[in-house]
Amino acid sequence: MTDEEIRQAVAADVAAVKSVTDAAYRHYIARIGVVPQPMERDHAANVAAGRVFVTGEPVNGLVVVEARADHLYLDNIAVHPDAQGTGVGGRLLRFVDAHARALGLSEVRLHTNAMMWENQKIYPKYGYEVLERRVDGPYDRVHYRKRLD
């Protein structure tokens, strides 16, 4: 596998999925005051359900998606800090768009913590628009959507 390929994760990838997710989100704990939810997900269950796609050898980026009735929900995108700024995230976001289209879905939705301001600069560059900002328990979230042509 080249670094360019994105493939569905398998059971052997679970440790890498956890490692990349933890590395990508760990620095946010102090900023937001809680452990980001992607770090607490059941990675093995998500991989087993076919919701996780990875890239890199070794794995340096991933997305977790879930098909809903009217949209593809992007639950998590994580790029290892060593690979940030190299185009991995953009490639993963383009993959999510293509995956949604392949499933016959015309919209992608996601949310990010309002304290993760870096993300609020990235998502609009890829065509996402803010739907709303909503507090859910300890999480202050900005919800986004992207309509696909």
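Quantities reported herein were computed from a predicted structural model and do not represent experimental measurements.

Caption draft 1: Spotlight on the overall build of the chain. Each helix and strand counted, the chain has 6 helices and 7 strands in total. Tracing the chain from N to C terminus, the helices and strands come up as β-α-α-α-α-β-β-β-α-β-α-β-β. Relative to the globule expectation of 15 Å for 149 residues, the C-alpha radius of gyration of the chain, 14 Å, shows essentially globular dimensions. When its C-alpha atoms are laid out on the principal axes, the chain stretches across 40 × 40 × 30 Å. A burial count over the chain gives 46% of its 149 residues as buried. Within the chain, counting contacts between residues at least 6 apart in sequence, those at least 24 apart form 62% of the total. Computed over 19 positive and 20 negative side-chain charges, the separation of the two mean positions in the chain equals 4 Å.

Caption draft 2: Molecular detail of the nonpolar core. Counting 23 residues, the largest nonpolar core has Val 63, Leu 74, Val 96, Val 108 and Tyr 128 as its most contacted members. Going through the elements one at a time, β3 (61-67), β4 (72-79), α5 (88-102), β5 (107-113) and β7 (139-147) are the ones with two or more residues in this core. In this view, Leu 74 contacts Val 63, Val 64, Val 65, Leu 93, Val 96, Val 108, Arg 109, Leu 110 and Tyr 128; residues no more than four positions away in its chain are not counted. Ala 9, Tyr 28, Ile 32 and Met 116 belong to the second-largest nonpolar core, a separate cluster that totals 16 residues.

Caption draft 3: Structural detail: the pattern of salt bridges. Under the defined criterion, the tally for this structure stands at 13 salt bridges. When the shortest N-O distance is used, the salt bridge between Asp 13 and Arg 7 registers 2.6 Å. Of the charged contacts in the structure, one is a salt bridge between Arg 109 and Glu 107, with a shortest N-O distance of 2.5 Å. Salt bridges here are not isolated pairs; linked through shared partners, they connect Asp 70, Glu 107 and Arg 109.

Caption draft 4: Here's a closer look at the pairing of β5. The buried count for β5 comes to 5 of 7 residues, which makes it a mostly enclosed element. As defined by bridge partners, β4 adjoins β5 across 2 bridges and the pair is classed as parallel. Counted as the bridge partner of Leu 72 is Val 108 from β5. Handedness of the crossover joining β4 and β5 through α5 is recorded here as right-handed. Here 7 bridges tie β5 to β7, and the two strands are oriented antiparallel to one another. The partner of Leu 110 across the bridge, within β7, is Tyr 144.

Rules used in this analysis
- Residues numbered from 1 in each chain as written.
- Predicted model: local features only at pLDDT ≥ 70, side-chain atom pairs only at ≥ 80, totals over all residues.
- Heavy atoms only, no water.
- Helix = DSSP H or I, 4+ residues; strand = E, 2+ residues; numbered from the N terminus.
- Rg over C-alpha atoms; globule rule 2.2 N^0.38 Å.
- Buried < 20%, exposed > 50% of the residue type's maximum accessible area, 1.4 Å probe, protein only.
- Contact = heavy atoms within 4.5 Å.
- Lys, Arg positive; Asp, Glu negative; His and termini not counted.
- Charge placed at Lys NZ, Arg CZ, Asp CG, Glu CD.
- Core = buried A, V, L, I, M, F, W, Y, C linked by side-chain atoms within 4.5 Å.
- Salt bridge = Lys/Arg side-chain N within 4 Å of Asp/Glu carboxyl O.
- Pairing = 2+ DSSP bridges.
- Right-handed = clockwise from strand over helix to strand, strands pointing away.

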